[in-house]
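Letter by letter, the chains look like this.
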Amino acid sequence: MMNEQFGGYALLERIGVGGMAEVFLARRTGVAGFERDIAIKRIRPHLSEHRDFVNMFLGEAKLAAQLTHSNIVQIYDLGRIQDSYFIAMEYVAGRDMSALMPKTSERNIPFPFEYALKIASQVCEGLHYAHSLTDQYGNPLHIVHRDVSPENIRISWTGAVKILDFGIAKAVTQVHETKAGEIKGKLSYMSPEQVLGKEIDARSDVFALGCVLYEALTGQKLHTGTNDLDVMNKIVESHVYPPKYFRDDIPSGAEAIIMKALEKDRRKRFQTARDMQMAIDDFLSEHEFSPSNVHLANFLKQQFEDELQKEQEKRRSNNQVLSKSVGKTPPPPPAISGIHQQVTPAAVRQSRSDPNTVKVRLTTADVAALKRIADTRGLQPEDIARDILQNFLKYHT
(Lines give C-alpha, C1' and ligand atoms only; values in the text may rest on other atoms or scores of the structure.)
Protein backbone atom coordinates (compact mmCIF):
# COMPACT_ATOMS: atom_id res chain seq x y z
CA MET A 1 0.00 0.00 0.00
CA MET A 2 1.05 3.60 -0.43
CA ASN A 3 1.23 5.94 2.54
CA GLU A 4 1.93 9.33 1.05
CA GLN A 5 1.29 12.35 3.22
CA PHE A 6 -0.61 15.06 1.38
CA GLY A 7 -0.97 18.00 3.73
CA GLY A 8 -3.22 16.83 6.53
CA TYR A 9 -4.31 13.74 4.59
CA ALA A 10 -2.71 10.31 4.40
CA LEU A 11 -3.12 8.90 0.88
CA LEU A 12 -3.68 5.16 1.23
CA GLU A 13 -4.37 3.97 -2.28
CA ARG A 14 -4.95 5.33 -5.76
CA ILE A 15 -8.43 4.18 -6.74
CA GLY A 16 -8.96 6.01 -10.01
CA VAL A 17 -7.23 8.06 -12.66
CA GLY A 18 -8.58 10.10 -15.54
CA GLY A 19 -7.39 12.62 -18.05
CA MET A 20 -7.73 15.54 -15.66
CA ALA A 21 -7.36 14.14 -12.16
CA GLU A 22 -6.44 11.14 -10.05
CA VAL A 23 -8.48 9.89 -7.10
CA PHE A 24 -7.10 8.47 -3.86
CA LEU A 25 -8.54 6.74 -0.85
CA ALA A 26 -7.26 8.89 2.00
CA ARG A 27 -7.65 9.29 5.71
CA ARG A 28 -8.00 12.43 7.78
CA THR A 29 -7.24 12.24 11.48
CA GLY A 30 -7.98 14.69 14.27
CA VAL A 31 -8.22 15.17 18.00
CA ALA A 32 -9.38 12.44 20.40
CA GLY A 33 -8.73 9.68 17.87
CA PHE A 34 -11.06 11.14 15.24
CA GLU A 35 -10.52 9.68 11.77
CA ARG A 36 -12.44 9.51 8.54
CA ASP A 37 -11.80 7.77 5.25
CA ILE A 38 -12.40 10.14 2.37
CA ALA A 39 -11.63 10.40 -1.33
CA ILE A 40 -9.11 12.96 -2.56
CA LYS A 41 -9.47 14.07 -6.17
CA ARG A 42 -6.21 15.74 -7.16
CA ILE A 43 -5.57 17.52 -10.42
CA ARG A 44 -2.86 15.87 -12.51
CA PRO A 45 0.53 17.57 -11.91
CA HIS A 46 1.17 18.42 -15.57
CA LEU A 47 -2.19 20.25 -15.75
CA SER A 48 -1.74 22.48 -12.70
CA GLU A 49 -0.20 25.21 -14.83
CA HIS A 50 -3.02 25.20 -17.39
CA ARG A 51 -5.58 27.80 -16.39
CA ASP A 52 -8.45 26.22 -18.35
CA PHE A 53 -8.03 22.90 -16.59
CA VAL A 54 -7.70 24.52 -13.18
CA ASN A 55 -10.82 26.62 -13.78
CA MET A 56 -12.76 23.53 -14.84
CA PHE A 57 -11.59 21.69 -11.74
CA LEU A 58 -12.53 24.58 -9.45
CA GLY A 59 -15.87 24.93 -11.21
CA GLU A 60 -16.62 21.27 -10.51
CA ALA A 61 -15.84 21.66 -6.83
CA LYS A 62 -17.79 24.89 -6.34
CA LEU A 63 -20.81 23.45 -8.10
CA ALA A 64 -20.73 20.09 -6.34
CA ALA A 65 -20.18 21.71 -2.94
CA GLN A 66 -23.67 23.21 -3.22
CA LEU A 67 -25.24 19.75 -3.52
CA THR A 68 -26.13 18.28 -0.14
CA HIS A 69 -28.24 15.18 -0.58
CA SER A 70 -28.10 11.59 0.61
CA ASN A 71 -27.99 10.30 -2.97
CA ILE A 72 -25.15 12.58 -4.10
CA VAL A 73 -21.51 12.23 -3.08
CA GLN A 74 -20.74 15.06 -0.63
CA ILE A 75 -17.85 17.51 -1.08
CA TYR A 76 -15.99 18.32 2.16
CA ASP A 77 -13.16 20.61 1.15
CA LEU A 78 -11.43 22.38 -1.71
CA GLY A 79 -7.86 23.59 -1.48
CA ARG A 80 -4.36 23.69 -2.83
CA ILE A 81 -1.30 22.05 -1.31
CA GLN A 82 1.88 23.38 -2.86
CA ASP A 83 1.07 23.29 -6.59
CA SER A 84 -1.69 20.67 -6.42
CA TYR A 85 -5.38 21.57 -6.36
CA PHE A 86 -7.61 19.01 -4.71
CA ILE A 87 -11.15 18.16 -3.65
CA ALA A 88 -11.83 16.16 -0.50
CA MET A 89 -15.08 14.26 -0.88
CA GLU A 90 -17.16 11.50 0.64
CA TYR A 91 -15.70 8.04 0.11
CA VAL A 92 -18.37 5.48 -0.72
CA ALA A 93 -17.17 1.94 -0.11
CA GLY A 94 -18.97 -0.26 -2.60
CA ARG A 95 -19.19 -0.79 -6.35
CA ASP A 96 -20.31 1.16 -9.41
CA MET A 97 -23.00 -0.09 -11.74
CA SER A 98 -20.20 -0.45 -14.31
CA ALA A 99 -18.77 -3.24 -12.13
CA LEU A 100 -22.07 -4.73 -10.93
CA MET A 101 -23.67 -5.26 -14.35
CA PRO A 102 -20.83 -7.33 -15.88
CA LYS A 103 -20.47 -9.22 -12.60
CA THR A 104 -24.00 -10.57 -12.79
CA SER A 105 -23.40 -11.42 -16.44
CA GLU A 106 -20.24 -13.36 -15.59
CA ARG A 107 -22.19 -15.37 -13.04
CA ASN A 108 -25.05 -15.96 -15.50
CA ILE A 109 -27.46 -14.14 -13.20
CA PRO A 110 -30.04 -11.91 -14.89
CA PHE A 111 -29.94 -8.53 -13.16
CA PRO A 112 -33.08 -8.57 -10.96
CA PHE A 113 -35.37 -5.88 -12.34
CA GLU A 114 -36.56 -5.04 -8.81
CA TYR A 115 -33.01 -4.10 -7.80
CA ALA A 116 -32.37 -2.17 -11.02
CA LEU A 117 -35.54 -0.14 -10.45
CA LYS A 118 -34.68 0.41 -6.78
CA ILE A 119 -31.30 1.82 -7.80
CA ALA A 120 -32.89 3.99 -10.50
CA SER A 121 -35.43 5.35 -8.01
CA GLN A 122 -32.67 6.61 -5.72
CA VAL A 123 -30.77 8.09 -8.65
CA CYS A 124 -33.96 9.92 -9.66
CA GLU A 125 -34.26 11.37 -6.19
CA GLY A 126 -30.72 12.77 -6.26
CA LEU A 127 -31.11 14.08 -9.80
CA HIS A 128 -34.38 15.84 -9.04
CA TYR A 129 -32.77 17.57 -6.08
CA ALA A 130 -29.92 18.83 -8.29
CA HIS A 131 -32.23 19.80 -11.16
CA SER A 132 -34.43 21.80 -8.76
CA LEU A 133 -31.65 23.55 -6.83
CA THR A 134 -31.81 27.34 -6.57
CA ASP A 135 -29.41 29.97 -5.35
CA GLN A 136 -29.92 31.95 -2.15
CA TYR A 137 -32.29 34.30 -3.96
CA GLY A 138 -34.51 31.52 -5.31
CA ASN A 139 -33.16 31.65 -8.85
CA PRO A 140 -32.88 28.18 -10.46
CA LEU A 141 -29.32 27.00 -11.11
CA HIS A 142 -30.39 24.83 -14.07
CA ILE A 143 -28.02 22.02 -13.13
CA VAL A 144 -27.88 19.08 -15.53
CA HIS A 145 -25.48 16.24 -14.78
CA ARG A 146 -24.86 15.35 -18.45
CA ASP A 147 -22.94 12.18 -17.62
CA VAL A 148 -25.41 9.82 -15.94
CA SER A 149 -23.75 6.48 -16.70
CA PRO A 150 -22.93 3.19 -14.94
CA GLU A 151 -19.53 4.57 -13.84
CA ASN A 152 -21.23 7.44 -12.03
CA ILE A 153 -23.83 5.40 -10.12
CA ARG A 154 -22.33 3.82 -7.02
CA ILE A 155 -23.93 1.41 -4.57
CA SER A 156 -22.44 1.20 -1.10
CA TRP A 157 -22.06 -2.00 0.89
CA THR A 158 -24.97 -0.72 3.01
CA GLY A 159 -27.25 -0.42 -0.03
CA ALA A 160 -27.17 3.36 -0.35
CA VAL A 161 -27.05 4.70 -3.91
CA LYS A 162 -24.89 7.72 -4.73
CA ILE A 163 -24.45 9.81 -7.87
CA LEU A 164 -20.81 10.65 -8.60
CA ASP A 165 -19.05 13.31 -10.59
CA PHE A 166 -21.02 16.41 -11.36
CA GLY A 167 -17.73 17.47 -12.95
CA ILE A 168 -19.19 18.22 -16.36
CA ALA A 169 -22.55 19.35 -15.06
CA LYS A 170 -23.76 22.63 -16.40
CA ALA A 171 -25.04 25.50 -14.29
CA VAL A 172 -25.40 29.19 -14.89
CA THR A 173 -22.84 29.87 -12.16
CA GLN A 174 -20.22 27.40 -13.39
CA VAL A 175 -16.71 28.80 -13.65
CA HIS A 176 -15.83 26.93 -16.83
CA GLU A 177 -18.42 27.50 -19.54
CA THR A 178 -18.82 24.77 -22.15
CA LYS A 179 -18.43 26.07 -25.68
CA ALA A 180 -21.60 26.16 -27.75
CA GLY A 181 -22.19 22.87 -29.51
CA GLU A 182 -19.47 21.06 -27.54
CA ILE A 183 -20.36 17.50 -26.54
CA LYS A 184 -19.37 16.18 -23.15
CA GLY A 185 -20.21 12.91 -21.48
CA LYS A 186 -20.12 9.22 -22.45
CA LEU A 187 -21.50 8.80 -25.94
CA SER A 188 -23.54 5.63 -25.37
CA TYR A 189 -25.70 7.33 -22.71
CA MET A 190 -26.34 10.64 -24.46
CA SER A 191 -29.78 11.88 -25.39
CA PRO A 192 -30.55 12.75 -29.03
CA GLU A 193 -30.61 16.46 -28.21
CA GLN A 194 -27.24 16.22 -26.48
CA VAL A 195 -25.65 14.51 -29.49
CA LEU A 196 -27.06 17.25 -31.73
CA GLY A 197 -25.49 19.91 -29.52
CA LYS A 198 -28.84 21.43 -28.59
CA GLU A 199 -29.66 23.11 -25.29
CA ILE A 200 -30.35 20.39 -22.78
CA ASP A 201 -32.31 20.16 -19.53
CA ALA A 202 -33.28 17.64 -16.87
CA ARG A 203 -34.96 15.42 -19.45
CA SER A 204 -31.56 14.60 -20.93
CA ASP A 205 -30.50 13.05 -17.59
CA VAL A 206 -33.79 11.10 -17.57
CA PHE A 207 -32.89 9.65 -20.98
CA ALA A 208 -29.41 8.71 -19.79
CA LEU A 209 -30.82 6.93 -16.74
CA GLY A 210 -33.19 5.07 -19.07
CA CYS A 211 -30.12 3.90 -21.02
CA VAL A 212 -28.53 2.58 -17.82
CA LEU A 213 -31.73 0.73 -16.87
CA TYR A 214 -32.04 -0.73 -20.36
CA GLU A 215 -28.46 -2.01 -20.26
CA ALA A 216 -28.80 -3.44 -16.75
CA LEU A 217 -31.91 -5.45 -17.62
CA THR A 218 -31.13 -6.55 -21.17
CA GLY A 219 -27.35 -6.89 -20.98
CA GLN A 220 -27.18 -4.78 -24.14
CA LYS A 221 -26.14 -1.16 -24.60
CA LEU A 222 -28.97 0.82 -26.11
CA HIS A 223 -26.88 2.06 -29.04
CA THR A 224 -23.64 0.59 -30.40
CA GLY A 225 -21.76 0.99 -33.66
CA THR A 226 -18.52 0.52 -35.53
CA ASN A 227 -17.36 4.05 -34.64
CA ASP A 228 -18.51 7.16 -32.78
CA LEU A 229 -20.23 8.64 -35.82
CA ASP A 230 -22.20 5.44 -36.31
CA VAL A 231 -23.29 5.49 -32.66
CA MET A 232 -24.29 9.16 -32.89
CA ASN A 233 -26.42 8.48 -35.96
CA LYS A 234 -28.21 5.65 -34.19
CA ILE A 235 -28.87 7.84 -31.16
CA VAL A 236 -30.39 10.55 -33.34
CA GLU A 237 -32.53 7.97 -35.17
CA SER A 238 -33.38 6.53 -31.74
CA HIS A 239 -34.79 3.18 -32.79
CA VAL A 240 -35.22 1.18 -29.57
CA TYR A 241 -35.98 -2.51 -29.32
CA PRO A 242 -38.30 -3.10 -26.33
CA PRO A 243 -36.46 -4.76 -23.40
CA LYS A 244 -38.66 -7.87 -23.76
CA TYR A 245 -37.00 -8.48 -27.12
CA PHE A 246 -33.93 -9.56 -25.15
CA ARG A 247 -35.53 -10.75 -21.92
CA ASP A 248 -39.11 -11.96 -21.72
CA ASP A 249 -39.43 -11.98 -17.91
CA ILE A 250 -39.42 -8.18 -17.64
CA PRO A 251 -42.88 -7.04 -16.51
CA SER A 252 -44.82 -4.83 -18.90
CA GLY A 253 -45.02 -2.08 -16.27
CA ALA A 254 -41.23 -1.96 -15.90
CA GLU A 255 -40.78 -1.99 -19.67
CA ALA A 256 -43.22 0.91 -20.04
CA ILE A 257 -41.17 3.02 -17.59
CA ILE A 258 -37.96 2.37 -19.52
CA MET A 259 -39.52 3.08 -22.91
CA LYS A 260 -41.01 6.36 -21.70
CA ALA A 261 -37.63 7.49 -20.37
CA LEU A 262 -36.11 6.68 -23.79
CA GLU A 263 -38.56 8.63 -25.94
CA LYS A 264 -36.75 10.43 -28.76
CA ASP A 265 -39.08 13.42 -28.39
CA ARG A 266 -38.28 14.80 -24.94
CA ARG A 267 -41.79 16.21 -24.67
CA LYS A 268 -43.01 12.60 -24.43
CA ARG A 269 -40.51 11.54 -21.76
CA PHE A 270 -40.89 11.92 -18.03
CA GLN A 271 -40.67 15.67 -17.67
CA THR A 272 -38.77 15.47 -14.38
CA ALA A 273 -36.70 12.88 -12.54
CA ARG A 274 -39.33 13.07 -9.79
CA ASP A 275 -42.00 11.93 -12.29
CA MET A 276 -39.85 8.95 -13.21
CA GLN A 277 -39.21 8.13 -9.55
CA MET A 278 -42.93 8.19 -8.76
CA ALA A 279 -43.65 5.83 -11.65
CA ILE A 280 -40.96 3.42 -10.42
CA ASP A 281 -42.09 3.58 -6.81
CA ASP A 282 -45.74 3.05 -7.78
CA PHE A 283 -44.77 -0.01 -9.79
CA LEU A 284 -42.66 -1.49 -6.99
CA SER A 285 -45.34 -0.82 -4.37
CA GLU A 286 -47.79 -2.96 -6.34
CA HIS A 287 -45.24 -5.64 -7.19
CA GLU A 288 -44.92 -8.76 -5.06
CA PHE A 289 -41.38 -7.77 -4.01
CA SER A 290 -40.22 -4.25 -3.28
CA PRO A 291 -36.57 -4.34 -2.14
CA SER A 292 -35.15 -2.22 0.65
CA ASN A 293 -31.58 -0.93 0.94
CA VAL A 294 -30.83 -4.00 3.07
CA HIS A 295 -31.87 -6.28 0.22
CA LEU A 296 -29.77 -4.25 -2.19
CA ALA A 297 -26.76 -4.43 0.16
CA ASN A 298 -27.06 -8.21 0.48
CA PHE A 299 -27.31 -8.59 -3.29
CA LEU A 300 -24.17 -6.48 -3.82
CA LYS A 301 -22.20 -8.39 -1.18
CA GLN A 302 -23.19 -11.72 -2.70
CA GLN A 303 -21.85 -10.66 -6.11
CA PHE A 304 -18.54 -9.38 -4.74
CA GLU A 305 -18.03 -11.68 -1.78
CA ASP A 306 -14.37 -12.47 -2.56
CA GLU A 307 -13.48 -8.85 -3.37
CA LEU A 308 -15.19 -7.59 -0.24
CA GLN A 309 -13.09 -9.90 1.91
CA LYS A 310 -9.91 -8.63 0.23
CA GLU A 311 -11.00 -5.02 0.81
CA GLN A 312 -11.53 -5.70 4.49
CA GLU A 313 -8.07 -7.25 4.73
CA LYS A 314 -6.56 -4.26 2.95
CA ARG A 315 -8.35 -1.92 5.35
CA ARG A 316 -6.85 -3.76 8.32
CA SER A 317 -3.43 -3.48 6.68
CA ASN A 318 -3.92 0.26 6.18
CA ASN A 319 -4.84 0.67 9.83
CA GLN A 320 -1.69 -1.17 10.93
CA VAL A 321 0.57 0.94 8.74
CA LEU A 322 -1.03 4.17 9.92
CA SER A 323 -0.83 3.13 13.56
CA LYS A 324 2.95 2.73 13.17
CA SER A 325 3.12 6.28 11.86
CA VAL A 326 1.61 7.73 15.05
CA GLY A 327 4.12 9.91 16.85
CA LYS A 328 5.89 11.16 13.75
CA THR A 329 5.99 14.90 13.19
CA PRO A 330 2.99 15.74 11.04
CA PRO A 331 3.40 17.90 7.94
CA PRO A 332 1.99 21.41 7.77
CA PRO A 333 -1.79 21.44 7.36
CA PRO A 334 -3.33 22.24 4.00
CA ALA A 335 -4.00 25.86 3.20
CA ILE A 336 -7.65 26.79 3.58
CA SER A 337 -8.70 29.60 1.26
CA GLY A 338 -6.52 32.66 1.99
CA ILE A 339 -6.75 32.68 5.76
CA HIS A 340 -3.30 31.25 6.47
CA GLN A 341 -1.78 34.00 4.38
CA GLN A 342 -3.82 36.70 6.12
CA VAL A 343 -3.00 35.57 9.67
CA THR A 344 0.67 36.50 9.87
CA PRO A 345 3.13 36.19 12.79
CA ALA A 346 2.68 39.88 13.47
CA ALA A 347 -1.05 39.36 13.87
CA VAL A 348 -0.70 36.72 16.57
CA ARG A 349 0.30 37.75 20.12
CA GLN A 350 0.36 35.17 22.88
CA SER A 351 -0.17 36.41 26.44
CA ARG A 352 2.84 35.86 28.75
CA SER A 353 0.59 35.71 31.79
CA ASP A 354 -1.67 33.01 30.34
CA PRO A 355 -0.03 30.68 27.78
CA ASN A 356 -3.46 29.36 26.78
CA THR A 357 -4.70 32.78 25.70
CA VAL A 358 -4.22 34.00 22.16
CA LYS A 359 -5.33 37.42 20.97
CA VAL A 360 -5.88 37.95 17.28
CA ARG A 361 -6.59 41.05 15.25
CA LEU A 362 -8.65 40.18 12.17
CA THR A 363 -9.40 42.45 9.28
CA THR A 364 -12.82 42.79 7.69
CA ALA A 365 -11.59 40.58 4.87
CA ASP A 366 -10.55 37.92 7.40
CA VAL A 367 -14.02 37.88 8.95
CA ALA A 368 -15.72 37.66 5.55
CA ALA A 369 -13.47 34.77 4.52
CA LEU A 370 -14.18 32.94 7.78
CA LYS A 371 -17.91 33.27 7.22
CA ARG A 372 -17.65 31.92 3.67
CA ILE A 373 -15.70 28.86 4.83
CA ALA A 374 -18.06 28.31 7.77
CA ASP A 375 -21.13 28.43 5.52
CA THR A 376 -19.58 25.91 3.13
CA ARG A 377 -18.77 23.46 5.94
CA GLY A 378 -21.85 23.99 8.07
CA LEU A 379 -19.83 25.28 11.03
CA GLN A 380 -19.59 28.44 13.07
CA PRO A 381 -16.93 31.04 12.07
CA GLU A 382 -15.33 30.83 15.52
CA ASP A 383 -14.81 27.08 15.08
CA ILE A 384 -12.98 27.64 11.80
CA ALA A 385 -10.91 30.46 13.34
CA ARG A 386 -9.97 28.32 16.34
CA ASP A 387 -8.81 25.47 14.12
CA ILE A 388 -6.74 27.79 11.92
CA LEU A 389 -5.08 29.51 14.86
CA GLN A 390 -4.27 26.26 16.60
CA ASN A 391 -2.56 25.01 13.46
CA PHE A 392 -0.77 28.31 13.01
CA LEU A 393 0.60 28.33 16.55
CA LYS A 394 1.61 24.68 16.24
CA TYR A 395 3.86 25.34 13.29
CA HIS A 396 4.94 28.98 13.74
CA THR A 397 5.55 29.51 17.45
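You'll find the structure just up there.
Our subject in this report is the structure included herewith. Numbering of residues begins from 1 in every chain and follows the order in which that chain's sequence is written. For this predicted model, a pLDDT threshold of at least 70 governs which residues receive local features, and a threshold of 80 or more governs which side-chain atom pairs are given and counted, while totals over whole chains, interfaces and linings are taken from all residues. Excluded from the side-chain calculation are hydrogens and water; included are all heavy atoms of the structure.

**Side note on the overall build of the protein**
Phase 1 of the analysis: Counting from the N terminus, the helices are the DSSP runs of H or I reaching at least four residues and the strands are the DSSP runs of E reaching at least two. Helix and strand counts for the protein come out as 13 helices and 11 strands.
Phase 2 of the analysis: Should any heavy atoms of two residues lie within 4.5 Å, those residues are considered in contact. Considering only residue pairs separated by 6 or more positions, the protein has 64% of its internal contacts joining residues 24 or more positions apart.
Phase 3 of the analysis: Here, Shrake-Rupley sampling with a 1.4 Å probe gives the accessible areas, and only protein chains in the shown set may cover a residue. In the form shown here, the protein has an accessible surface area of approximately 20800 Å², with 49% of it arising from carbon and sulfur atoms.

**Notes on the side chain of histidine 145**
Phase 1 of the analysis: If you trace the backbone, histidine 145 turns up in the loop between helix H3 (113-132) and strand E8 (153-156).
Phase 2 of the analysis: Polar contacts involving the side chain of histidine 145 include one to the main-chain amide nitrogen of aspartate 147, which spans 3.0 Å.
Phase 3 of the analysis: Polar side-chain contacts of histidine 145 include one of 2.9 Å to the backbone oxygen of leucine 164. What qualifies as a polar contact is a pair of N or O atoms within 3.5 Å, subject to a donor-acceptor requirement within protein and to the restriction that residues adjacent in sequence count only when both atoms come from side chains.

**Regarding the nonpolar core**
Phase 1 of the analysis: By nonpolar core we mean a set of buried residues, namely Ala, Val, Leu, Ile, Met, Phe, Trp, Tyr and Cys, connected to one another through side-chain atoms within 4.5 Å. Accessible area is worked out with a 1.4 Å probe on protein chains only. A residue is then buried under 20% of its type maximum, exposed over 50%, and partly exposed in between. Residues Met97, Phe111, Ile119, Ile153 and Met276 are the most contacted members of the largest nonpolar core, which totals 57 residues.
Phase 2 of the analysis: Listing elements by their share of this core, those giving two or more residues are helix H2 (97-106), H3, E8, strand E9 (161-163), helix H5 (202-218), helix H7 (252-261), helix H8 (273-286) and helix H9 (293-303).
Phase 3 of the analysis: Among all residues touching isoleucine 119, those that are not within four sequence positions of it are Met97, Phe111, Ile153, Ile155, Val161 and Leu296.
Phase 4 of the analysis: Listed in part, the 17 residues of the second largest apolar core include Val54, Phe57, Leu58 and Val73.

**Side note on the pairing of strand E3 (residues 21-29)**
It is a general feature of regular strands that their side chains alternate between the two faces of the sheet.
Phase 1 of the analysis: Only strands joined by at least two bridges in the DSSP assignment are considered to pair. Relative to E3, strand E2 (residues 9-17) runs antiparallel, the two sharing 7 bridges. Looking at E3, one finds that glycine 16 is bridged to valine 23.
Phase 2 of the analysis: From the end of E2 to the start of E3, which pair antiparallel, there are 3 residues.

**Remarks on the environment of aspartate 201**
Phase 1 of the analysis: Among the secondary structure elements, aspartate 201 is positioned in the loop between helix H4 (192-195) and H5.
Phase 2 of the analysis: Placed 65 residues apart in sequence, aspartate 201 and arginine 266 show a C-alpha to C-alpha distance of 9.7 Å.
Phase 3 of the analysis: Sequence-distant contacts of aspartate 201, defined by excluding residues within four places in its chain, comprise Val144 and Arg266.
Phase 4 of the analysis: A distance of 2.7 Å separates a polar atom in the side chain of aspartate 201 from a polar atom in the side chain of arginine 203.

**Quick word on the sheet that holds strand E7 (residues 94-96)**
Phase 1 of the analysis: One open sheet accounts for 3 strands, arranged E7-E8-E9; its pairing is antiparallel. Across the chains shown, the open sheet's two edge strands, defined by having one partner strand only, are E7 and E9. Each strand of the sheet is rotated relative to its neighbour by a mean of 25°, with strand direction disregarded.
Phase 2 of the analysis: To define axes, lines are fitted to C-alpha atoms, for helices over the stretch in contact only, and angles between the resulting N-to-C directions are given on a 0 to 180 degree scale. Across the sheet, H2 touches E7 and E8, and the angle it forms with E7 is around 85°.

**Overview of helix H1 (residues 51-64)**
At 3.6 residues per turn, the α-helix brings residues three or four places apart onto the same side.
Phase 1 of the analysis: Here a helix's expected span is defined as the number of its residues, less one, multiplied by 1.5 Å. Look at H1: 20 Å from first C-alpha to last across 14 residues, which is about the 20 Å you get at 1.5 Å a residue.
Phase 2 of the analysis: For H1, the set of buried residues is Val54, Met56, Phe57, Leu58, Gly59, Glu60, Ala61, Leu63 and Ala64.
Phase 3 of the analysis: Those residues of H1 hidden inside the fold are in contact with E3, strand E4 (35-43), strand E5 (75-81) and strand E6 (84-90).

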